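The lines below spell out each chain.
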Amino acid sequence: MDKINYKSTLYACYLGYITQALIVNLPPILFVVFRDKFGLTYTMLGSLVVVIFVTQLITDAIAINFVDKIGHRTSVILAHSLAAAGMIALAFLPRVMPQPYIGLIISSIVFAIGGGLIEVLVSPIVESLPGEAKASSMSLLHSFYSWGQALVIILSTIALLL
């Protein structure tokens, strides 16, 4: 592989942390929308946070067993696919399910599995890339979560205003 491929891998990992920020930060921003639109209680909203957190923890623990078997590239593609599918489901599933809360739970589980895999995979990939600036690459990688969080907050605020 040449440097261009390594750079594209590094940039893809940076985007992975933005995706992780989206997964963790968007649902709580939408809690008022969920409560008003679907009539959820505060207990139901709190349980969504628990579902996302526990699903990510379980995924982190289970990922150790299958990532090496199916490969890091396949695992990262699977992670982003699940994250995207879960976010798309979050937009549509609560509206088509008889109980919107079940749609929110299913969507949350799907994107949290993707988020858990991203969390486990991205840092080791960046660490294994060739180059001399590993410390700065890792620092920049972890800063992308903060950039992603800011982006999620700004864009969701604008979307909610419109």
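Our structure's up above, just so we're on the same page.
Residues numbered from 1 in each chain as written. Predicted model: local features only at pLDDT ≥ 70, side-chain atom pairs only at ≥ 80, totals over all residues. Heavy atoms only, no water.

## With respect to the pattern of salt bridges
Applied cut-off: Any Lys or Arg side-chain nitrogen located within 4 Å of an Asp or Glu carboxyl oxygen qualifies as a salt bridge. Any residue under 20% of the maximum accessible area for its type is buried, any over 50% is exposed, and the rest in between are partly exposed; the area is computed with a 1.4 Å probe on protein chains only.
On inspection of all chains with the given rule, the structure shows 1 salt bridge. Between R35 and D36 there is a salt bridge; the shortest N-O distance is 3.4 Å. Accessibility expressed as a relative area gives 28% for R35, which makes it partly exposed. Owing to a relative accessible area of 56%, D36 belongs among the exposed residues under this scheme.

## Concerning the packing of aromatic side chains
Put simply, the rule reads: Classification of ring pairs rests on two measures: the distance between centres of Phe, Tyr or Trp rings, Trp counted by its six-membered ring, which must be within 6.5 Å, and the angle between planes, read as stacked under 30 degrees, edge-to-face over 60 and tilted in between. Comment: elements are numbered from the N terminus, with helices defined as DSSP H or I runs of at least four residues and strands as E runs of at least two.
Scanning the entire structure with this criterion turns up 3 aromatic pairs. Residues Y11 and Y14 carry aromatic rings whose centres are separated by 6.3 Å and whose planes lie at 45° to one another, so their mutual orientation is tilted. Of this pair, Y11 and Y14 both sit in helix α1 (residues 3-29), 3 residues apart, which is roughly one turn of that helix. For Y14, a relative accessible area of 6% corresponds to the buried category. One aromatic cluster in this structure is built from Y11, Y14 and F144.

The values are spatial; any link to function lies outside them.
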